[in-house]
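Overview (structure and organization)
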Amino acid sequence: MKRYVLLSILILSLVLTGCSQGSKPVVENSQVPQKEKLVITDMLGRQVEIPENLQRIATSKYMGHLVYALGQQDKMVHQGLMGEAGKGKSKLDPKYAALPAFRNNGSVEEVLALKTQLLFVYADFDQALIKQFNDVGIKVIALKGETLDESYQAVKLMGKVLGTDQQAEAYVSYCQNTVSNIKDCLKDLPADQKPKVLMAGPRSIYTAATKDMTANSMMEIAGGVNVAKDAVGLWAEISPEQLVKWNPDYIFLGSSKGIYGVNEVLNNPALASLNAIKNKKVFIFPSNLGWWDFPAPQSVLGIQWLANTMHGDKFTDIDIKKFTDDYYKNYMGNTYTDLGGKL
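Residues numbered from 1 in each chain as written. Predicted model: local features only at pLDDT ≥ 70, side-chain atom pairs only at ≥ 80, totals over all residues. Heavy atoms only, no water.

In terms of helices and strands, the protein carries 14 helices and 11 strands. Taken over 343 residues, the protein has a buried fraction of 47%. Roughly 18400 Å² of accessible area belongs to the protein as shown, and the carbon and sulfur atoms make up 53% of that amount. (Helix = DSSP H or I, 4+ residues; strand = E, 2+ residues; numbered from the N terminus. Buried < 20%, exposed > 50% of the residue type's maximum accessible area, 1.4 Å probe, protein only. Areas by Shrake-Rupley, 256 points an atom, 1.4 Å probe, with all protein chains shown as cover.)

So, on to the sheet that holds strand β5 (residues 139-143). Read from one edge to the other, the open sheet built from three strands follows the order β3-β4-β5, with strand pairing classed as parallel. Across the chains shown, the open sheet's two edge strands, defined by having one partner strand only, are β3 (57-59) and β5. Strand after strand, the sheet turns through a mean of 20° between neighbouring axes, direction not considered. Sheet topology note: the strand β4 (residues 118-122)/β5 ladder contains five bridges and is parallel. For Leu 119, the partnering residue across the bridge sits in β5 and is Val 140. Sheet strands in contact with helix α6 (residues 127-135) are β4 and β5, and its direction is about 150° off that of β5. Its contacts with the sheet put helix α7 (residues 148-162) on β3, β4 and β5, and the angle it makes with β5 is roughly 160°. (Pairing = 2+ DSSP bridges. Axes fitted to C-alpha atoms, helices over the stretch in contact; angles between N-to-C directions. Contact = heavy atoms within 4.5 Å.)

When pLDDT is averaged along the protein, the result is 87; 88% of the residues meet or exceed 70. Across residues 1-28, confidence stays below pLDDT 50; counting only partners more than four residues off in sequence or on other chains, it has one contact. (pLDDT = per-residue confidence, 0-100.)

With 15 residues, α7 extends 21 Å from end C-alpha to end C-alpha; this agrees with the ideal 21 Å at 1.5 Å per step. Residues Leu 148, Ser 151, Tyr 152, Ala 154, Val 155, Leu 157, Met 158, Gly 159, Val 161 and Leu 162 constitute the buried set of α7. Once α7 ends, the next one or two residues include Gly 163, with phi positive near 75°. (Expected span 1.5 Å × (residues − 1).)

Turning our attention to the side chain of Thr 207. Mapped onto the secondary structure, Thr 207 falls in strand β7 (residues 207-209). Residue classification places Thr 207 among the buried positions, given a relative accessible area of 2%. The residues contacting Thr 207, other than those within four sequence positions of it, are Met 199, Ala 200, Gly 201, Pro 202, Trp 235, Ala 236, Glu 237 and Ile 238.

Another point: the nonpolar core. The nonpolar side chains of a soluble globular protein tend to be buried, and buried together. Counting 70 residues, the largest nonpolar core has Phe 120, Ile 141, Leu 143, Met 158, Val 161, Phe 252 and Tyr 328 as the members making the most contacts within it. In terms of residue count, the dominant contributor to this core is α7 (eight residues). Excluding residues that lie within four positions of it along the chain, Tyr 328 makes contacts with Ser 287, Leu 289, Trp 292, Leu 301, Gly 333, Asn 334, Thr 335, Tyr 336 and Leu 339. One finds Ala 228, Leu 243, Trp 246 and Leu 274 within the second-largest nonpolar core, a separate group that totals 21 residues. (Core = buried A, V, L, I, M, F, W, Y, C linked by side-chain atoms within 4.5 Å.)

Within the structure shown, the criterion is met by 11 salt bridges. The salt bridge partner of Arg 203 is Glu 237, with a shortest N-O separation of 3.1 Å. Placement of Arg 203 in the loop between β6 (196-200) and β7 and of Glu 237 in strand β9 (residues 235-237) is noted, with a sequence separation of 34 residues between them. You can call Arg 203 partly exposed: its relative accessible area is 47%. (Salt bridge = Lys/Arg side-chain N within 4 Å of Asp/Glu carboxyl O.)

Another aspect to go through is the pairing of β6. Most of β6 is tucked away: four of the five residues are buried. Pairing of β6 with strand β8 (residues 225-226), which is carried by two bridges, proceeds in the parallel orientation. Directly across from Lys 196, in β8, lies its bridge partner Val 225. As paired strands, β6 and strand β10 (residues 250-253) are joined by four bridges and run parallel to one another. Paired with Val 197 across the bridge in β10 is Tyr 250.

Scanning all chains against the criterion turns up 15 aromatic pairs. Between Tyr 171 and Tyr 331, the ring centres sit 4.7 Å apart and the planes meet at 50°, which makes this aromatic pair tilted. With Tyr 171 in helix α8 (residues 165-186) and Tyr 331 in helix α14 (residues 320-332), this pair connects stretches of sequence that are 160 residues apart. The class for Tyr 171 is buried, based on a relative accessible area of 2%. Judged by its relative accessible area of 13%, Tyr 331 falls in the buried class. Relative to Tyr 336, the ring of Trp 292 has its centre 5.8 Å away and its plane inclined at 45°; by these criteria the two rings are tilted. Of this pair, Trp 292 sits in the loop between β11 (282-284) and α13 (299-310) while Tyr 336 sits in the segment after α14; the two residues are 44 residues apart in sequence, bridging distant segments of the chain. Like Tyr 336, Trp 292 is buried. (Phe/Tyr/Trp six-rings, centres within 6.5 Å; stacked < 30°, edge-to-face > 60°.)

Structure below.
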């Protein structure tokens with residue numbers, strides 16, 4: 001009998017000890033909640049499911065710069081910087097130099113061979129190509145940037161895809177603050193002191209940026225009046241007679257890719273009567289590292305340059321070279337000067 005009582009006490013104590021240690025009953029058929037998949041609506045209105053553990057991305061056009069601005073360049077499977085900026089980066093960064101370079105925006109075969117999970121493209125990208133990428137399992141996010149606001153939206157969308165929302169907000173805030181500071185410096189500028197400005201296109205001096213283009217807002221923010229604002233089209237075709245009638249005080253040449261330059265305009269006899277010609281106020285838009293008149297966040301560099309050029313007395317505290325070096329250091333990893341940039 002004693003032996004039975006002792007055994008019962010031992011069993012009871014073991015049960016109580018187990019309870020005191022927080023043991024829980026086993027629940028049959030329990031399920032672990034599944035992580036919700038991230039689905040993004042891109043700027044063409046397409047819903048795209050973002051791959052989990054996104055580590056391998058590619059870009060087209062200017063969007064490699066945005067990846068750098070968000071600090072996500074280690075995810076790039078190729079050299080994503082255009083032209084001279086890429087050449088400069090290759091000289092400074094062996095890791096970048098070792099990456100493959102795409103022809104144009106990269107073929108489906110090139111992008112697939114690098115085990116790319118997701119491709120960022122500009123909104124005018126060939127829709128048939130987007131389908132081809134999707135068909136081989138590569139997700140595509142389309143971004144726009146025809147206005148500054150659209151370019152800011154593109155940065156925030158990329159930030160959401162890459163999980164860098166805070167970096168995206170900080171970058172957009174920097175760009176917006178730059179624009180706000182320029183506007184603030186020029187807020188008391190009388191209308192009759194705003195110079196008449198022409199932004200000529202890449203093909204010819206007889207093409208002009210209209211109100212439907214980012215260049216128009218850039219000129220206005222920088223304190224100029226766009227003489228071609230009400231012309232029709234994007235790069236509107238204009239005649240020499242129309243240009244003489246407008247008589248701009250400044251002429252800014254877009255990223256002309258060497259097709260024509262300042263000397264050709266200054267020496268054009270049909271334009272000799274223009275104020276811009278007589279006062280030698282003809283400038284080619286910086287920069288050799290990348291277009292500052294392109295509708296992208298880095299166009300704030302172009303706006304600051306325009307403002308300094310037309311209203312230098314209002315921006316004596318802004319050294320454009322230092323301003324540019326700081327921007328590139330913060331958002332490209334190297335200064336403008338170190339990358340080979342020239343103003």
